[in-house]
Amino acid sequence: MLYPKLYCRRVTDITPEFLKKNNIKGLILDVDNTLLDFDLNIIDGLKQWHENMKKNNIKCMILSNSNKEKKIKMVAELIEVPFIKFATKPLKRGFKMAQKKLELPNENIAVVGDQIFTDVIGANRSNMFSILVEPIAEKDLWMTRFKRPIENLIIKKYLKKVGKEN
(Lines give C-alpha, C1' and ligand atoms only; values in the text may rest on other atoms or scores of the structure.)
Protein backbone atom coordinates (compact mmCIF):
# COMPACT_ATOMS: atom_id res chain seq x y z
CA MET A 1 0.00 0.00 0.00
CA LEU A 2 2.88 2.41 0.79
CA TYR A 3 5.15 1.45 -2.10
CA PRO A 4 4.81 2.85 -5.62
CA LYS A 5 4.96 0.65 -8.70
CA LEU A 6 7.63 3.02 -10.08
CA TYR A 7 9.90 5.63 -8.50
CA CYS A 8 11.63 8.21 -10.68
CA ARG A 9 13.24 11.60 -10.42
CA ARG A 10 10.81 13.78 -12.40
CA VAL A 11 7.50 13.43 -14.20
CA THR A 12 9.38 14.20 -17.43
CA ASP A 13 11.37 10.95 -16.96
CA ILE A 14 8.19 8.94 -17.61
CA THR A 15 8.15 7.80 -21.23
CA PRO A 16 5.27 6.77 -23.50
CA GLU A 17 7.17 3.53 -24.15
CA PHE A 18 7.17 2.65 -20.45
CA LEU A 19 3.48 3.50 -20.17
CA LYS A 20 2.54 1.43 -23.22
CA LYS A 21 4.59 -1.51 -21.94
CA ASN A 22 2.53 -1.35 -18.72
CA ASN A 23 -0.79 -0.85 -20.57
CA ILE A 24 -1.20 2.70 -19.22
CA LYS A 25 -3.39 4.93 -21.39
CA GLY A 26 -4.00 7.79 -18.97
CA LEU A 27 -2.13 9.79 -16.35
CA ILE A 28 -3.49 11.56 -13.30
CA LEU A 29 -0.96 14.24 -12.35
CA ASP A 30 -0.44 15.97 -9.03
CA VAL A 31 0.53 19.66 -9.13
CA ASP A 32 2.33 20.79 -5.97
CA ASN A 33 6.00 19.79 -6.03
CA THR A 34 5.31 17.47 -8.98
CA LEU A 35 4.62 19.92 -11.82
CA LEU A 36 5.01 23.19 -9.93
CA ASP A 37 7.27 24.23 -7.05
CA PHE A 38 6.27 26.23 -3.98
CA ASP A 39 7.22 29.50 -5.73
CA LEU A 40 4.97 28.64 -8.73
CA ASN A 41 7.80 27.70 -11.11
CA ILE A 42 6.70 25.05 -13.59
CA ILE A 43 9.03 22.09 -14.10
CA ASP A 44 11.37 22.41 -17.10
CA GLY A 45 10.22 20.63 -20.23
CA LEU A 46 6.67 20.01 -19.04
CA LYS A 47 4.95 21.33 -22.17
CA GLN A 48 7.19 19.30 -24.52
CA TRP A 49 6.76 16.18 -22.35
CA HIS A 50 2.99 16.53 -22.48
CA GLU A 51 3.04 17.07 -26.26
CA ASN A 52 4.90 13.77 -26.54
CA MET A 53 2.26 12.08 -24.37
CA LYS A 54 -0.50 13.49 -26.61
CA LYS A 55 1.28 12.23 -29.75
CA ASN A 56 1.30 8.79 -28.16
CA ASN A 57 -2.41 8.93 -27.25
CA ILE A 58 -1.78 9.11 -23.50
CA LYS A 59 -4.57 11.12 -21.86
CA CYS A 60 -3.59 13.39 -18.97
CA MET A 61 -5.37 15.36 -16.31
CA ILE A 62 -4.56 17.07 -13.01
CA LEU A 63 -5.85 15.95 -9.61
CA SER A 64 -4.83 18.25 -6.76
CA ASN A 65 -5.64 18.48 -3.08
CA SER A 66 -5.18 22.24 -3.34
CA ASN A 67 -8.20 24.50 -3.44
CA LYS A 68 -6.18 27.28 -5.12
CA GLU A 69 -7.87 27.15 -8.51
CA LYS A 70 -5.76 29.94 -10.06
CA LYS A 71 -2.54 28.01 -9.43
CA ILE A 72 -3.90 24.68 -10.73
CA LYS A 73 -5.57 26.34 -13.72
CA MET A 74 -2.27 28.00 -14.70
CA VAL A 75 -0.63 24.58 -15.14
CA ALA A 76 -3.73 22.93 -16.63
CA GLU A 77 -4.03 25.66 -19.27
CA LEU A 78 -0.33 25.47 -20.14
CA ILE A 79 -0.60 21.77 -21.01
CA GLU A 80 -4.28 21.95 -22.01
CA VAL A 81 -5.69 19.32 -19.65
CA PRO A 82 -8.74 19.16 -17.38
CA PHE A 83 -8.30 19.39 -13.62
CA ILE A 84 -9.99 18.58 -10.34
CA LYS A 85 -9.17 20.67 -7.28
CA PHE A 86 -9.63 19.85 -3.60
CA ALA A 87 -9.46 16.13 -4.41
CA THR A 88 -9.11 14.89 -0.78
CA LYS A 89 -6.38 12.40 -1.72
CA PRO A 90 -5.86 9.62 -0.59
CA LEU A 91 -9.64 9.19 -0.42
CA LYS A 92 -11.03 7.43 -3.48
CA ARG A 93 -13.54 10.16 -4.36
CA GLY A 94 -11.15 12.32 -6.40
CA PHE A 95 -9.59 9.32 -8.13
CA LYS A 96 -13.05 8.07 -9.18
CA MET A 97 -13.92 11.51 -10.57
CA ALA A 98 -10.62 11.59 -12.51
CA GLN A 99 -11.17 8.07 -13.83
CA LYS A 100 -14.59 9.10 -15.17
CA LYS A 101 -13.11 12.19 -16.86
CA LEU A 102 -10.38 10.09 -18.48
CA GLU A 103 -12.97 7.49 -19.55
CA LEU A 104 -10.55 4.65 -18.88
CA PRO A 105 -10.63 1.63 -16.58
CA ASN A 106 -8.54 1.95 -13.40
CA GLU A 107 -6.00 -0.62 -14.58
CA ASN A 108 -5.13 1.64 -17.55
CA ILE A 109 -4.45 4.71 -15.39
CA ALA A 110 -1.26 5.75 -13.61
CA VAL A 111 -1.13 8.37 -10.85
CA VAL A 112 1.98 10.56 -10.67
CA GLY A 113 2.83 12.52 -7.55
CA ASP A 114 5.50 13.39 -5.00
CA GLN A 115 3.80 12.13 -1.82
CA ILE A 116 3.31 8.62 -0.51
CA PHE A 117 0.51 9.52 1.90
CA THR A 118 -1.68 11.15 -0.74
CA ASP A 119 -0.70 10.11 -4.28
CA VAL A 120 0.72 6.60 -3.82
CA ILE A 121 -1.76 5.39 -1.21
CA GLY A 122 -4.67 6.89 -3.16
CA ALA A 123 -3.52 5.29 -6.41
CA ASN A 124 -2.95 1.91 -4.79
CA ARG A 125 -6.32 2.01 -2.99
CA SER A 126 -7.98 2.87 -6.32
CA ASN A 127 -6.23 0.00 -8.14
CA MET A 128 -4.26 2.40 -10.32
CA PHE A 129 -0.56 2.26 -11.22
CA SER A 130 1.30 4.46 -8.71
CA ILE A 131 4.34 6.49 -9.77
CA LEU A 132 6.25 8.40 -7.10
CA VAL A 133 8.51 11.25 -8.22
CA GLU A 134 11.01 13.19 -6.18
CA PRO A 135 9.71 16.56 -4.99
CA ILE A 136 10.83 19.36 -7.31
CA ALA A 137 12.07 21.47 -4.40
CA GLU A 138 12.63 21.14 -0.66
CA LYS A 139 10.29 24.03 0.10
CA ASP A 140 6.89 22.59 1.02
CA LEU A 141 3.63 23.38 2.75
CA TRP A 142 3.92 22.96 6.54
CA MET A 143 1.67 19.89 6.50
CA THR A 144 3.83 18.17 3.87
CA ARG A 145 7.09 19.11 5.62
CA PHE A 146 5.81 17.25 8.66
CA LYS A 147 5.32 14.01 6.63
CA ARG A 148 8.52 14.11 4.53
CA PRO A 149 10.85 12.43 7.09
CA ILE A 150 8.45 9.48 7.40
CA GLU A 151 8.10 9.26 3.63
CA ASN A 152 11.89 9.33 3.25
CA LEU A 153 12.19 6.29 5.54
CA ILE A 154 9.59 4.43 3.47
CA ILE A 155 11.40 5.36 0.23
CA LYS A 156 14.70 4.08 1.67
CA LYS A 157 13.08 0.72 2.48
CA TYR A 158 11.42 0.62 -0.94
CA LEU A 159 14.71 1.31 -2.78
CA LYS A 160 16.44 -1.39 -0.72
CA LYS A 161 13.68 -3.87 -1.61
CA VAL A 162 13.76 -2.96 -5.31
CA GLY A 163 17.57 -3.17 -5.32
CA LYS A 164 17.42 -6.72 -3.92
CA GLU A 165 14.90 -7.81 -6.56
CA ASN A 166 17.02 -6.59 -9.47
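Residues numbered from 1 in each chain as written. Predicted model: local features only at pLDDT ≥ 70, side-chain atom pairs only at ≥ 80, totals over all residues. Heavy atoms only, no water.

S.K.: How should unusual backbone geometry be read in this particular structure?
M.R.: In terms of backbone geometry, most residues other than glycine have negative phi values and most peptide bonds are trans. The omega torsion across Lys89 and Pro90 is 15°, close enough to zero to call that bond cis. Mapped onto the secondary structure, Pro90 falls in the loop between β4 (83-84) and α4 (92-102). The phi dihedral of Glu80 falls on the positive side, at around 55°, and the residue is not glycine. Its place among the elements puts Glu80 in the loop between α3 (69-79) and β4. When its relative accessible area of 54% is taken as the criterion, Glu80 is described as exposed. Non-glycine residue Glu103 carries a positive phi angle of around 55°. Following the sequence through the fold, Glu103 ends up in the loop between α4 and β5 (109-113). Using a relative accessible area of 64% as the deciding quantity, one classes Glu103 as exposed. (Helix = DSSP H or I, 4+ residues; strand = E, 2+ residues; numbered from the N terminus. Buried < 20%, exposed > 50% of the residue type's maximum accessible area, 1.4 Å probe, protein only.)

S.K.: I'm lost on the sheet that holds β4 in this one. Help?
M.R.: Note on sheets: strands pair through backbone hydrogen bonds, and any given pair is parallel or antiparallel. Spatial ordering of the open sheet is given by β1-β6-β5-β2-β3-β4, a layout of 6 strands whose pairing is parallel. Either end of the sheet is taken by a strand with one partner, and the two such strands are β1 (6-8) and β4. (Pairing = 2+ DSSP bridges.)

S.K.: Explain the pairing of strand β3 (residues 59-63) to me, please; I cannot follow it from the model alone.
M.R.: One face of the sheet, then the other: side chains in a regular strand alternate in exactly this way. Burial analysis of β3 places 4 of its 5 residues in the buried class, which makes it a mostly covered element. Pairing geometry for strand β2 (residues 26-29) and β3, over 4 bridges, is parallel. Residue pairing across strands places Leu29 opposite Ile62, the latter belonging to β3. As a crossover connection, the stretch from β2 through helix α2 (residues 46-55) into β3 is right-handed. Of the pairings in the sheet, the one linking β3 to β4 comprises 2 bridges and is parallel in character. When the sheet's bridge partners are listed, Ile62 is paired in β4 with Phe83. Traced from β3 through α3 to β4, the parallel crossover comes out right-handed. (Right-handed = clockwise from strand over helix to strand, strands pointing away.)

S.K.: Explain α4 here, please?
M.R.: Every α-helix winds through 3.6 residues per turn, so residues three or four apart in the chain are directed the same way. Among all positions of α4, only Gly94, Phe95, Ala98 and Leu102 are buried. Viewed end-on, α4 has its buried residues packed into an arc of 95°, placing them on one side of the element. The outward face of α4, more than 90 degrees from its buried face, is lined by the exposed residues Lys96 and Lys100. Contact partners of the buried residues in α4: β2, β3, β4, β5 and α5 (116-125). Positioned one or two residues after α4, Glu103 has a phi angle of 55°, which is positive. (Arc of directions from axis to C-beta. Contact = heavy atoms within 4.5 Å.)

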